[in-house]
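Coordinate analysis (summary)
Here is what each chain is made of, one letter per residue.
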Amino acid sequence: MSDRYESSYDVIVAGGGSAGVAAAVASARSGARTLLIERYGCLGGAATMRNVVTYCGLYTLGDPPRRAVRGIADEVTQALKKRGAITDPIRHRGVYVVFEPEPVKIVLDTLVREAGVDVMHGGFVAAGERRDGKMTSITVAGHDGLSTYGAKAFVDCTGEGDLAAFGGASTRYGNGADVNLGTLGTRFGGIPKDLNVTALDLAKAVEDKGFAPGEVTKDRSVVARLPVSGDMVIYVASADYDPRDAGSMSAAEVYGRRQAWNYLDAVRSIPGCEQAYLVATGPEFGTRESRHLDCRTQLTWADVQARRGFEDSIALGAWGAEWHDRGDYTSSFDYAPDKSTYEIPLGCLHSADTANLFCAGRLADGDRLAGAAIRVMGTAMATGQAAGIAAALTADGTFNAQAVRARLRRNGAVLDASEAVA
């Protein structure tokens, strides 16, 4: 085992995406010795490794939009703004901001370094040990072999739920037969920055090309234009795959890249886009849903529709239930009442059978539509911050929901709809 890392920590966070970074930073700032394990060579997850260049869930969907997520998310967006690397809010069904992925890497590096987080790149959770209803250690695979690390509390932000599943905590794949479809983010250059390409332009170009069945999958997508390069990112090349299965995942990656070149032909047929070229695919498929941790509370869409309040509310959701169907590749978007916020309870981040295990991001326990709403990266930063604080308090023996809420408030998080501001 490398002597760069301790053998035992207060908190271990697995997964360095939006949720994982927020969890690790919040944990370390709460006084916990924290290790963040990330399988790639950079932090950011979908934001830097999947061409997902939109932060969704930061703003309410009404007019005017109001900021529903602050805290660590504010620090990220403000740092990107200083670099000119993020847009003002944009509306397409939902309200989102578009960012350049390269600056995200350095912004997140700076956040975790200044918080005192130990960061391990190139590590993949391969196994876990659980005793008497608690996680005790995990085994990490790397180019140096297998290494084992212990902790007092754990946060699973892997997206696939590897830490929880391999450690023996209760998980499930999707919600019964319902699992949200995955899509390969595809980035195109060579398009004039002042040319307005719309979702309808894209759909018409795909239709006019008359592709044979299977050559492409979707024809509609948000069209994101990066604030510095002007490159265009779309989310149409899709596949029905199981992200837990290497064979299924591999076939999807190959299929998605093949589709990307067909979509390039369609994009080039849009007036003004004749010189478009393919900058990047992915480089990994964008999985919208995989495992969920079975938690003490399951957030349901009925809770959202009823605007149910929770005594252990730790964040506000603002995104709608964005569902992409695996059968016919269509998508739908269900709005919360008045396009406003809804409360997310700590219970849907806390394992039902493992007292010192928390999760955030798309692992959070939601039913089909609620899970589709709270999985997005803006909301993931909020649930990650809460999970990191909860884990740190668990490690020092002072955990309870009200203590988590109090610390979140001190750290600038928004917990009540009345606190959302323009």
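Please read all numbers here as calculations on a predicted model, not as lab measurements.

So, how was this worked out
- Residues numbered from 1 in each chain as written.
- Predicted model: local features only at pLDDT ≥ 70, side-chain atom pairs only at ≥ 80, totals over all residues.
- Heavy atoms only, no water.
- Helix = DSSP H or I, 4+ residues; strand = E, 2+ residues; numbered from the N terminus.
- Rg over C-alpha atoms; globule rule 2.2 N^0.38 Å.
- Buried < 20%, exposed > 50% of the residue type's maximum accessible area, 1.4 Å probe, protein only.
- Contact = heavy atoms within 4.5 Å.
- Areas by Shrake-Rupley, 256 points an atom, 1.4 Å probe, with all protein chains shown as cover.
- Lys, Arg positive; Asp, Glu negative; His and termini not counted.
- Charge placed at Lys NZ, Arg CZ, Asp CG, Glu CD.
- Salt bridge = Lys/Arg side-chain N within 4 Å of Asp/Glu carboxyl O.
- Core = buried A, V, L, I, M, F, W, Y, C linked by side-chain atoms within 4.5 Å.
- Phe/Tyr/Trp six-rings, centres within 6.5 Å; stacked < 30°, edge-to-face > 60°.
- Pairing = 2+ DSSP bridges.
- Axes fitted to C-alpha atoms, helices over the stretch in contact; angles between N-to-C directions.
- Parallel < 35°, antiparallel > 145°, perpendicular 65-115°, else oblique.
- Left-handed = near helix turned anticlockwise from the far one by under 90°.
- Nonpolar A, V, L, I, M, F, W, Y, C, P; charged D, E, K, R; others polar.

Considerations on the overall build of the protein chain
Along the protein chain, the regular secondary structure elements total eleven helices and 20 strands. Computed over its C-alpha atoms, the radius of gyration of the protein chain comes to 20 Å, within 12% of the 22 Å expected for a compact globule of 422 residues. With the principal axes as the frame, the protein chain shows a C-alpha extent of 60 × 50 × 45 Å. The buried share among the 422 residues of the protein chain stands at 61%. Contacts in the protein chain between residues at least 24 apart in sequence constitute 75% of all its contacts with a sequence separation of at least 6. Roughly 15800 Å² of accessible area belongs to the protein chain as shown, and the carbon and sulfur atoms make up 48% of that amount. Put simply, the protein chain has 45 plus and 51 minus side-chain charges, and the middle of one group is 3 Å from the middle of the other.

Concerning the pattern of salt bridges
Counting across every chain of the model gives 23 salt bridges. Its salt-bridge partner being D294, residue R172 comes within 2.8 Å of it at the nearest N-O pair. Placement of R172 in strand β10 (residues 171-173) and of D294 in the loop between β15 (291-293) and α8 (301-305) is noted, with a sequence separation of 122 residues between them. Neither residue differs from the other here; R172 and D294 are each classed as buried. Where R172 meets D365, a salt bridge forms, and the shortest distance between an N and an O atom there is 2.8 Å. Separated by 193 residues along the polypeptide, R172 in strand β10 and D365 in the loop between β20 (357-359) and α9 (368-374) bring together distant segments of the chain. Put simply, E6, D10, R33 and K152 are held in one network by salt bridges that share partners.

Details of the nonpolar core
Counting 87 residues, the largest nonpolar core has Y55, V76, L80, F99, V155 and I314 as the members making the most contacts within it. At twelve residues, helix α10 (residues 377-395) tops the list of elements feeding residues into this core. Excluding anything up to four places from it in sequence, I314 contacts I344, P345, L346, L349, A386, V404, R405, L408 and L415. If you look at the next biggest cluster of nonpolar residues, it comprises 29 residues, including I191, A205, I234 and C273.

Details of the packing of aromatic side chains
Throughout the structure, instances matching the rule amount to six aromatic pairs. Judged by centre distance (4.9 Å) and plane angle (65°), the rings of F333 and Y335 are edge-to-face. The class of F333 is buried, set by a relative accessible area of 11%. Residue Y335 is classed as partly exposed on the basis of its relative accessible area of 29%. Here a set of aromatic residues connected by ring pairs shows up, and it is made of W319, F333 and Y335.

With respect to the sheet that holds strand β14 (residues 277-281)
If you trace the four strands from one edge of the open sheet to the other, you get β12-β13-β11-β14, paired in antiparallel fashion. Taken across any chain shown, the strands that pair with only one partner, and hence form the sheet edges, are β12 (224-225) and β14. In this structure, strand β11 (residues 182-189) lies alongside strand β13 (residues 232-239), joined through seven bridges in antiparallel fashion. The residue of β13 that forms the bridge with G185 is Y235. Where helix α7 (residues 246-268) meets the sheet, its contacts fall on β11, β13 and β14, and the angle it forms with β13 comes to roughly 135°.

Details of the packing of helix α1 (residues 18-29) against helix α4 (residues 101-115)
Contact pair α1 / α4: the axes reach a minimum separation of 9 Å and the direction vectors enclose 20°. In terms of axis orientation, α1 runs roughly parallel to α4. Note on packing geometry: the crossing formed by α1 with α4 is left-handed. Contact residues: α1 offers V21, V25, A28 and R29, while α4 offers L108, L111, V112 and A115. Residues belonging to the contact of α1 with α4 are distributed by class as follows: seven nonpolar, no polar and one charged.

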